[in-house]
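# Residue-level structural notes
The residues making up each chain are set out below.
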Amino acid sequence: MPDIDIATPLAPASAKTMLHGLRGFFLPHRIAMALIALAALAAMIAYMDWSWLPAYLPRLWSGLGMTMIMLVASVGIGFLFALPLGLAQVAGPWPLRWMSLGFCTVVRGTPLLLQMWLFYFGLGSLFAQFPEIRESWAWPYLRQAWPYGLIALTVSFAAYEGEVMRGAFAGVPAGELEAARAFGMSRGKTFRRVWFPRALHRALPTLAGEIILQLKSTPLVATITVTDLYAVITRVRQSTFLTYEPLLFLVAVYLCLSGALTIFLRWMENRIPSGG
Amino acid sequence: MAEFGDCADGDQMDDQAAIHVEDLHKRFGSMEVLKGVSLTARPGDVVAVIGGSGSGKSTMLRCINLLETPTSGRISIQGEAYDLRTTRSGDLEIADRQQVQRIRAHLGMVFQSFNLWPHRTVLGNVTEVPVHVLGVSREEADARAKAVLERVGLGDKLDAWPAQLSGGQQQRAAIARVLAVEPLAMLFDEPTSALDPELVGEVLSVIRALAEEKRTMILVTHEMAFARDVATHVVYLKDGRIEEQGPPEQIFGAPSSPHLQQFISSVT
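This section reports on the structure supplied with the text. Model, not experiment: these values are computed from the prediction. As a convention, each chain's residues are numbered from 1 in the sequence order in which they are written. The lettering of chains begins at A and the numbering of ligands begins at 1, in the order of writing. pLDDT decides what is reported in this predicted model: residues at 70 or higher carry local features, side-chain atom pairs at 80 or more are listed and counted, and totals for whole chains, interfaces and linings draw on all residues regardless. Values shown for side chains rest on all heavy atoms present in the structure; no hydrogens or waters enter the calculation.

## Regarding the overall build of chain B
The test is simple: Per the convention used, a helix needs a DSSP run of H or I reaching at least four residues, while a strand needs a run of E reaching at least two, with both numbered from the N terminus. Here the radius of gyration uses the C-alpha set of atoms, whereas the globule reference equals 2.2 Å times the residue count to the power 0.38. Note on classification: 1.4 Å probe, protein chains only; a residue is buried when its accessible area is under 20% of the maximum for its type, exposed when over 50%, partly exposed between these limits. By definition, residues are in contact when any of their heavy atoms lie within 4.5 Å. Exposure was quantified through the Shrake-Rupley algorithm and a 1.4 Å probe, taking into account, for residues, occlusion by the shown protein chains and nothing else. Under the convention used here, Asp and Glu are negative, Lys and Arg are positive, and both His and the chain ends fall outside the count. For charged residues, the charge sits on one atom: NZ in Lys, CZ in Arg, CG in Asp, CD in Glu.
A tally of helices and strands in chain B yields 10 helices and 12 strands. In terms of overall size, chain B behaves like a compact globule, its C-alpha atoms giving a radius of gyration of 18 Å where 268 residues would be expected to give roughly 18 Å. Principal-axis analysis of the C-alpha atoms places the extent of chain B at approximately 50 × 45 × 35 Å. Taking all 268 residues of chain B together, the buried fraction comes to 58%. Within chain B, contacts between residues separated by at least 24 positions form 63% of all contacts whose residues are at least 6 apart in sequence. As displayed, chain B has an accessible area near 10,600 Å², and 45% of this comes from carbon and sulfur atoms. Separation between the mean location of the 26 positive side-chain charges and that of the 37 negative ones in chain B comes to 3 Å.

Here it is, written out as structure tokens:
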């Protein structure tokens with residue numbers, strides 16, 4: 001066990017210093033690099049053609065909205081599926097364990113693009129053949145493209161995170177669960193109060209990285225006609241014959257999104273100093 | 001406690017005992033760790049369990065709150081016997097999970113490796129069981145937790161995280177976690193074995209103060225001098241059997257079994 005003297009604060013993680021220590025941030029090489037980046041940005045604004053931007057702004061906003069919906073919904077729903085997938089592999093009876101292992105292996109072993117096309121071109125045309133489905137309440141949704149994009153992204157996220165949660169559940173020290181048991185907690189309470197929060201906390205650094213990866217997977221929905229941010233930019237390039245400006249704009253937006261996500265998730269991690 | 005003894009089966013011997021263990025056997029696969037152990041702790045008793053490694057001390061302790069299910073035998077707490085049933089393979093299993101959980105909540109256990117919950121503060125660790133298992137109100141649990149943390153000398157560490165504490169402080173917090181449930185009996189599983197030598201004293205002095213309050217406890221320990229000092233009754237386990245037991249003066253002063261003589265001379 002770490003014997004940390006309480007008088008000295010916790011040894012700060014390097015990532016934490018980067019965020020919190022403002023004095024450490026302004027080092028000469030950092031200032032130089034920031035100046036170069038600012039100069040590049042200024043040059044881009046001054047010498048490149050941004051006249052298309054105001055006209056496309058409403059469509060860019062709605063594209064950004066679609067990207068965010070795809071990200072948030074697939075991460076949220078996918079994580080809900082990842083929990084049982086991970087738990088089944090750690091503590092489930094063997095049929096469930098093998099089923100979830102099989103699911104994770106198949107999904108993780110095939111390209112997301114392929115899965116998305118199978119859902120959209122495969123399921124989409126299959127559904128259309130059944131009058132029961134075409135007359136059901138779900139048809140107005142099922143005849144659009146975005147549900148298939150969302151399903152593919154969700155399935156993929158669930159499979160990857162199922163694997164992450166499997167490791168996280170297995171990694172919670174047995175003694176902490178035993179203490180819960182020894183104090184009379186039921187299985188459900190042990191899960192809610194100890195096992196799940198501990199696993200989640202251990203998985204957070206990995207999850208943060210996976211959410212960023214998921215953000216960068218969302219442009220694949222553009223291949224099945226969903227107009228996310230990437231699709232809007234493609235439209236811009238086709239109609240303005242500009243190449244670099246729209247793409248650089250896209251780079252900036254994705255960078256901002258992943259930067260904001262990183263900061264938010266790291267803040268969550270740092271709320272609890274953990275020794276194990 | 002009124003809720004105990006409801007199911008007492010009229011065994012007069014058991015009624016006085018806080019903990020009564022009868023003919024306990026435990027087998028892991030082909031290895032028999034406990035070969036018929038019987039033990040009684042009356043209220044106020046401090047029973048020290050000593051013995052070499054692999055003698056079955058910890059297993060016996062873990063059977064008392066059913067962290068290990070015995071292969072055969074009978075265990076009752078405050079006169080209430082655990083409801084165990086025999087499986088097809090001839091082992092015992094828990095028949096009434098809720099009964100076991102209810103009894104466990106009143107048997108605090110202190111572990112060798114502390115086992116605090118690292119995602120809760122010291123205060124959170126101590127209020128966890130009262131609030132979420134025993135149904136005590138948050139205010140009452142907080143007040144009680146502050147009092148017991150004060151007792152173990154951690155009154156200024158309420159909002160610290162376990163990872164920020166030394167081993168000795170963590171173990172004292174773990175003892176406070178047990179005190180907060182107002183236990184019928186406390187089970188100590190080698191509470192100082194994982195500590196740096198200079199931190200052992202602070203934990204032992206907390207345990208000593210609890211023993212002096214006549215709290216019922218069963219203490220598995222390697223600290224012979226401490227056991228001699230604090231215990232009202234000492235049990236020497238050897239190869240899964242109680243080889244000798246008695247008051248500490250007798251066990252340490254005039255051991256009759258050659259094994260115990262050898263054990264005592266090897267550890268002191």
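## Comments concerning the overall build of chain A
Along the backbone of chain A there are 13 helices and 0 strands. A burial count over chain A gives 37% of its 276 residues as buried. Here the analysis covers contacts within chain A between residues at least 6 apart in sequence; of these, 77% occur between residues at least 24 apart. Of the roughly 15,700 Å² that chain A leaves accessible, carbon and sulfur atoms contribute 71%.

## Overview of the packing of aromatic side chains
The cut-off we apply is this: By convention, a stacked pair of Phe, Tyr or Trp rings (six-membered ring in the case of Trp) has centres within 6.5 Å and planes under 30 degrees apart, an edge-to-face pair has planes over 60 apart, and any other such pair is tilted. Throughout this description, the term charge over a ring refers to an Arg CZ or Lys NZ atom that lies within 6 Å of the ring centre and within 35 degrees of the ring normal.
This structure, assessed with the given rule, holds 14 aromatic pairs over all chains. Grouped by ring-pair contacts, the aromatic residues Trp-117, Tyr-120, Phe-121, Phe-127 and Tyr-148 of chain A constitute a single cluster. Above the ring of Trp-117 of chain B, the side-chain terminus of Arg-177 of chain B is found at 4.4 Å from the ring centroid.

## A short note on the sheet that holds strand β8 (residues 107-110) of chain B
All names here are of chain B. What counts, and what does not: Two strands are counted as paired when DSSP detects at least two bridges linking them. To get an axis, a line is fitted to the C-alpha atoms, and for a helix only the part in contact is used. The angle between two axes follows their N-to-C directions and goes from 0 to 180 degrees.
With mixed pairing, the 6 strands of this open sheet are ordered in space as β8-β9-β10-β3-β11-β12. The strands lining the two open edges of the sheet, one partner per strand, are β8 and β12 (241-246). Neighbouring strand axes in the sheet, compared pairwise and without regard to direction, differ in orientation by 20° on average. Pairing of β8 with strand β9 (residues 185-189) involves 4 bridges; the strand directions are parallel. Residue pairing across strands places Val-110 opposite Phe-188, the latter belonging to β9.

## Describing the pattern of salt bridges
All names here are of chain B. Filter applied, for reference: The working definition used for a salt bridge is a side-chain nitrogen of Lys or Arg within 4 Å of a carboxyl oxygen of Asp or Glu.
Applying the stated criterion across every chain, the model contains 18 salt bridges over all chains. As a salt-bridge pair, Lys-57 and Glu-190 come within 3.9 Å of each other at their nearest N and O atoms. Taken together, the residues span a long stretch of sequence, with Lys-57 in helix α2 (residues 57-64) and Glu-190 in the loop between β9 and α7 (197-212) at a distance of 133 residues. Judged by relative accessible area, Lys-57 falls into the buried class, the value being 4%. We classify Glu-190 as buried; its relative accessible area is 10%. Here Lys-157 ties to Asp-156 by a salt bridge, and the two come within 3.5 Å at their closest N and O atoms. Exposure remark for Lys-157: the relative accessible area of 10% places this residue in the buried category.

## Examining the sheet that holds strand β2 (residues 31-41) of chain B
Residue and element names in this part refer to chain B. The strand order across the open sheet built from 4 strands is β2-β1-β4-β5, with neighbouring strands paired in antiparallel fashion. The sheet is open, and its two borders are formed by β2 and β5 (80-81), each paired with just one other strand. Both strand β1 (residues 19-28) and β2 contribute to a ladder of 8 bridges, which runs antiparallel. For His-20, the partnering residue across the bridge sits in β2 and is Thr-40.

## Focus on the interface of chain B and chain A
The cut-off we apply is this: Two parts lose some accessible area (1.4 Å probe) when they are put together, and adding that loss for both gives the buried area.
Between chain B and chain A, the residue contacts involve 35 residues of the former and 28 residues of the latter. Between chain B and chain A lies a buried interface of about 2,800 Å² when both sides are counted; carbon and sulfur atoms form 59% of it. At the junction of chain B with chain A, the criterion picks out 2 salt bridges. The residue Glu-128 of chain B makes a salt bridge to Arg-193 of chain A at a minimum N-O spacing of 2.7 Å.

## Regarding a nonpolar patch on the surface
Residues and elements named next belong to chain A. The line we're drawing: For patches, a residue must show more than 30% relative accessible area and have no salt bridge; joins then use 9 Å for like charges and 5 Å for nonpolar side chains, namely Val, Leu, Ile, Met, Phe, Trp and Tyr.
A surface patch of nonpolar side chains, about 710 Å² in accessible area, is lined by Phe-25, Phe-26, Ile-31, Leu-35, Leu-38, Leu-41 and Ile-45. Ranked by the residues each element gives to the nonpolar patch, the list is headed by helix α3 (residues 28-47), at 5 residues. By the secondary structure assignment, Leu-38 is in helix α3.

## Side note on the pairing of β1 of chain B
Residues and elements named next belong to chain B. Between β1 and β2, which pair antiparallel one after the other, the connecting turn spans 2 residues, and Gly-29 there sits at a positive phi close to 60°. Note: β1 against strand β4 (residues 72-77), 5 bridges, orientation antiparallel. When the bridges of β4 are listed, His-20 appears paired with Ser-76.

## What to know about the packing of helix α4 (residues 122-132) of chain B against helix α5 (residues 138-151) of chain B
Residue and element names in this part refer to chain B. For clarity, the threshold we go by: Orientation categories follow fixed angle ranges, with anything under 35 degrees roughly parallel, anything over 145 roughly antiparallel, 65 to 115 roughly perpendicular, and all other angles oblique. Each crossing is labelled by how the near helix is turned from the far one, with a counterclockwise turn of less than a right angle marking it left-handed and a clockwise turn marking it right-handed. Ten residues, namely Ala, Val, Leu, Ile, Met, Phe, Trp, Tyr, Cys and Pro, are considered nonpolar, four, namely Asp, Glu, Lys and Arg, are considered charged, and the remaining ones, Gly among them, are considered polar.
Direction vectors running N to C along α4 and α5 enclose 130°, while the axes themselves pass 9 Å from each other. If you check the angle between α4 and α5, you find them oblique. For the element pair α4 and α5, the recorded crossing hand is right-handed. Residues Val-122, Leu-123, Val-126, Thr-127, Pro-130, Val-131 and His-132 of α4 pack against Arg-138, Ala-141, Asp-142, Ala-145, Lys-146, Val-148 and Leu-149 of α5. Of the residues assigned to the contact of α4 with α5, the class counts are 9 nonpolar, 2 polar and 3 charged.

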